Amino acid sequence: TEMDYAVEVCNAVIDVWQPTPQHKVIMNIPATVEMSSPNVYADQVEWFCRNIDRRDSVLVSLHAHNDRGTAVAATEMAMLAGADRVEGTLFGNGERTGNVDILNLAMNMYSQGIDPGVYVEHINEITEMYKRCTDMDVHDRHPYAGALVFTAFSGSHQDAIRKGLEYNKENEYDFWDVPYLPLNPDHIGRQYEPIIRINSQSGKGGVAFVLEQEFGYKLPKNMHPEVSVPVQRVSDATGKELSPQEIFNIFSKEFVNVEAPLSLLSFKSSYKDDEKDSVKIKGTVMLDGQEKKIKGVGNGPISAFFHAVKELGYEDYKLVDYTEHAISDGADAIAAAYIVLVNKDGVMHYGVGTDASINKASVKALISALNRFA
């Protein structure tokens, strides 16, 4: 409809109905087949608001369709242009391509710090009720409500999210400011659990995030690329998204307490008060199916054990770095140790060990690293 004609008709109705500021008339402006772009629709609404009679007695209402796929954008711009009221549908149901999605629109306002006047704190429950009542589905990537909305697959996105969450936690930050997550999922009834998933697009940061958040392994930064390789290999081969448990199983098989060809049967360490920089170890290992007795001296249990196993043919390896942390708290706490070795050709491999004893966890990590060169 031409705008001047629309105003002429509406003014004629106003003359008959005689609305007042206390008893307003609703004038509904539809974009029935969305012929105009959002900015033009907003211009039309603004022109209508400026030219309608008794503006203080009129509720200018919007009724956008989605034929161009821009119903939300058109409605937002028309609200900025002066409209008072919106007609919409849940998840965009309506004629042809549907009407404006009222949940999407409301959450957009909420994300900008505006109270939309619509209660949408429990999106999961709303979605389930919608599916049950309509026998229709909600797309996995539907804004705010989709199953994958708060999920990152890209490695760079995953790493940025991980760093943002860590920063908030470490600094007790009062404001939500996490990259790639425009609002706190918890505020609308969503969960943190699905934020990171791993598929063929994912990178080293995402794998490390899953292992830390789900299983307590705080991998050294330099270890991230090496851990992501076997996970990526499985994801590429299967063509599917990997669950946290599947990621952990791959990590355990490839890095944690790898026991072939070398495995630990027993060891004990000792030192004297007057020889604090000298620790002695004795132990028994299995190498290629044969039991071997070992002993060594070093400035600590790890150094002593490493010197001992060098006598078994591992003299070409150098210990580059070592880190440790507790996976759990309390009397039954489990320690995790990470050791990286380099061989004479400059090739580096990490090994991981876990045990209630930090010394034993460290020895297991050393053995795992050696075995990964095999």
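Above this text sits the structure in question.
Below is a summary of the structure that appears in this document. Numbering of residues begins from 1 in every chain and follows the order in which that chain's sequence is written. Per-residue local features are limited, in this predicted model, to residues with pLDDT of at least 70; the limit for side-chain atom pairs, both in listing and counting, is 80 or more; totals at the level of whole chains, interfaces and linings are taken over all residues. As a rule here, side-chain values come from all non-hydrogen atoms in the structure, and water together with hydrogens is ignored.

**Considering the sheet that holds strand S2 (residues 58–64)**
A pair of strands is labelled paired if DSSP reports no fewer than 2 bridges between them. Numbered from the N terminus, helices here are DSSP runs of H or I no shorter than four residues, and strands are runs of E no shorter than two. Across the sheet, which stays open at both edges, the 3 strands sit in the order S1-S2-S3 with parallel pairing between neighbours. Bordering the open sheet on either side are strand S1 (25–31) and strand S3 (85–86), each of which pairs with just one other strand. Here S2 pairs with S3 via 2 bridges, running parallel. Note on S3: the bridge partner recorded for Ser 61 is Arg 85. Residue contacts are counted whenever heavy atoms from the two residues lie within 4.5 Å of one another. Between N-to-C directions, angles cover 0 to 180 degrees, with each direction set by a line fitted to C-alpha atoms, over the stretch in contact for helices. Sheet contacts for helix H3 (residues 71–80): S2 and S3; angle to S2, the most-contacted strand, approximately 165 degrees.

**A word on a nonpolar patch on the surface**
Together, Tyr 167, Tyr 173 and Phe 175 give the surface a local cluster of nonpolar side chains, amounting to about 360 Å² of exposed area. Relative to the helices and strands, Phe 175 is located in the loop between helix H6 (155–171) and helix H7 (204–215). Exposure above 30% relative accessible area and the absence of a salt bridge qualify a residue for a patch, where like charges join within 9 Å and nonpolar side chains (Val, Leu, Ile, Met, Phe, Trp, Tyr) within 5 Å. The method behind every accessible area is Shrake-Rupley, applied with a 1.4 Å probe, and residues are considered shielded solely by the protein chains displayed. Salt bridge, as used here, is a side-chain nitrogen of Lys or Arg placed within 4 Å of a carboxyl oxygen of Asp or Glu.

**Some points on the nonpolar core**
Core analysis: the biggest nonpolar cluster contains 25 residues, and Phe 305, Leu 341 and Leu 370 have the highest contact counts within it. At the level of elements, strand S5 (279–287), helix H10 (301–310), strand S8 (335–342) and helix H11 (358–371) are the ones that each hand at least two residues to this core. Sorting elements by how many residues they give to this core places H11 first, with 7 residues. When residues no more than four places from it in sequence are discounted, the contact partners of Leu 370 are Leu 262, Phe 306, Val 309, Tyr 314, Tyr 317 and Leu 341. Judged by nonpolar contacts, the second largest core, of 22 residues, contains Ile 198, Tyr 217, Ile 247 and Ile 250. Residues belong to one nonpolar core when they are buried, are Ala, Val, Leu, Ile, Met, Phe, Trp, Tyr or Cys, and are joined through side-chain atoms within 4.5 Å. Any residue under 20% of the maximum accessible area for its type is buried, any over 50% is exposed, and the rest in between are partly exposed; the area is computed with a 1.4 Å probe on protein chains only.

**Observations regarding the packing of helix H1 (residues 3–17) against helix H2 (residues 38–51)**
Closest axis-to-axis distance for the H1/H2 pair is 10 Å, and the angle between their directions is 40 degrees. Judged on the interaxial angle alone, H2 and H1 are oblique. H2 is crossed by H1, and the crossing has right-handed handedness. Residues Met 3, Asp 4, Val 7, Cys 10 and Asn 11 of H1 lie in contact with H2, whose contacting residues are Gln 44, Trp 47, Phe 48 and Asn 51. Broken down by class, the residue content of the contact of H1 with H2 amounts to 5 nonpolar, 3 polar and 1 charged. The cut-offs work like this: below 35 degrees is roughly parallel, past 145 is roughly antiparallel, 65 to 115 is roughly perpendicular, and the gaps in between are oblique. It is the rotation of the near helix from the far one that decides the hand of a crossing: anticlockwise by less than a right angle makes it left-handed, clockwise makes it right-handed. Note on residue classes: Ala, Val, Leu, Ile, Met, Phe, Trp, Tyr, Cys and Pro are nonpolar, Asp, Glu, Lys and Arg are charged, and everything else, Gly too, is polar.

**Some thoughts on the layout of surface pockets**
Each cavity reported here is a set of points on a 1 Å grid over the protein atoms alone in which a 1.4 Å probe fits but cannot get out, each pocket an open set with protein on both sides within 12 Å along at least five of seven lines, and each lining residue one with an atom within 4 Å of a point. Grid points are joined across faces, edges and corners, and a volume is the space filled by probe spheres set on the points. By volume, the largest pocket amounts to about 410 Å³. Lining of the largest pocket is provided by 16 residues; of these, Thr 1, Met 3, Ile 29, Pro 30 and Gln 44 occupy positions nearest its centre. Of all the elements in the fold, those that place two or more residues in the lining of the largest pocket are H1, S1 and H2. In terms of residue count, S1 provides more of the lining of the largest pocket than any other element does, 4 residues in total. Residues belonging to the lining of the largest pocket are distributed by class as follows: 10 nonpolar, 5 polar and 1 charged. Counted as a void, the second largest pocket has a volume near 240 Å³.

**Description of the packing of helix H8 (residues 224–238) against helix H9 (residues 244–255)**
The axes of two packed helices give the description: the angle between them and the distance between them. Between H8 and H9, the least distance of the axes is 10 Å, while the angle of their chain directions is 125 degrees. When the interaxial angle is binned, H8 and H9 end up oblique. Every pair of crossing elements has a handedness; the one defined by H8 and H9 is right-handed. Only Ile 247, Ile 250, Phe 251, Glu 254 and Phe 255 of H9 make contact with H8, whose side of the interface consists of Glu 226, Val 227, Pro 230, Val 231, Arg 233 and Val 234. Across the contact of H8 with H9, the residue classes tally to 8 nonpolar, no polar and 3 charged.

**Re the pairing of S1**
Burial along S1 is one-sided: Val 25, Met 27, Ile 29 and Ala 31 are buried, while Ile 26, Asn 28 and Pro 30, pointing the other way, are not. In terms of strand pairing, S1 meets S2 through 7 bridges, oriented parallel. By the bridge assignment for S2, Met 27 is matched with Val 60. Seen with its strands pointing away from the viewer, a crossover is right-handed when the path leading from the first strand over the helix to the second is clockwise. In this view, the connection linking S1 to its parallel neighbour S2 by way of H2 has right-handed handedness.

**Considering helix H4 (residues 102–111)**
Counting buried residues in H4 gives 7 out of 10 residues, a clear majority hidden from the surface. The complete set of buried residues in H4 reads Leu 103, Asn 104, Leu 105, Ala 106, Met 107, Asn 108 and Met 109. Contact partners of the buried residues in H4: H3, S3 and helix H5 (123–134). Any pair of nitrogen or oxygen atoms within 3.5 Å is treated as a polar contact; in protein, a donor-acceptor pairing is required on top of that, and neighbouring residues in sequence qualify only through side-chain atoms on both sides. Near the N-terminus of H4, the side chain that reaches the backbone nitrogen of Leu 103, with its oxygen 3.0 Å away, is that of Asp 101.

**Section: the packing of aromatic side chains**
Only centres within 6.5 Å qualify two rings of Phe, Tyr or Trp (six-membered ring in Trp) as a pair; their planes then separate them into stacked at under 30 degrees, edge-to-face at over 60, and tilted for everything else. As enumerated under the stated definition, the model contains 10 aromatic pairs in all. Relative to Phe 251, the ring of Tyr 217 lies with its centre 5.1 Å away and its plane at 75 degrees, an arrangement referred to as edge-to-face. Of this pair, Tyr 217 sits in the loop between H7 and H8 while Phe 251 sits in helix H9, and the two are 34 residues apart along the sequence. As far as the burial class goes, Tyr 217 and Phe 251 line up, both buried. Relative to Phe 305, the ring of Phe 267 lies with its centre 6.0 Å away and its plane at 75 degrees, an arrangement referred to as edge-to-face. Placement of the pair is Phe 267 in strand S4 (residues 262–270) and Phe 305 in helix H10, with a sequence separation of 38 residues.

**Some thoughts on the sheet that holds S4**
Strand order across the open sheet formed by 3 strands is S4-S5-S6, with antiparallel pairing between neighbours. Two strands close off the open sheet at either side, each with one partner strand: S4 and strand S6 (290–298). Pairs of neighbouring strands in the sheet enclose a mean axial angle of 20 degrees, with direction left out of account. One ladder, built from 8 bridges, connects S4 with S5; its direction is antiparallel. The residue bridging Phe 267 from the neighbouring strand is Gly 283, located in S5. Strand contacts of H10: S4, S5 and S6, with the helix running at about 130 degrees to S6, the strand carrying the most contacts.

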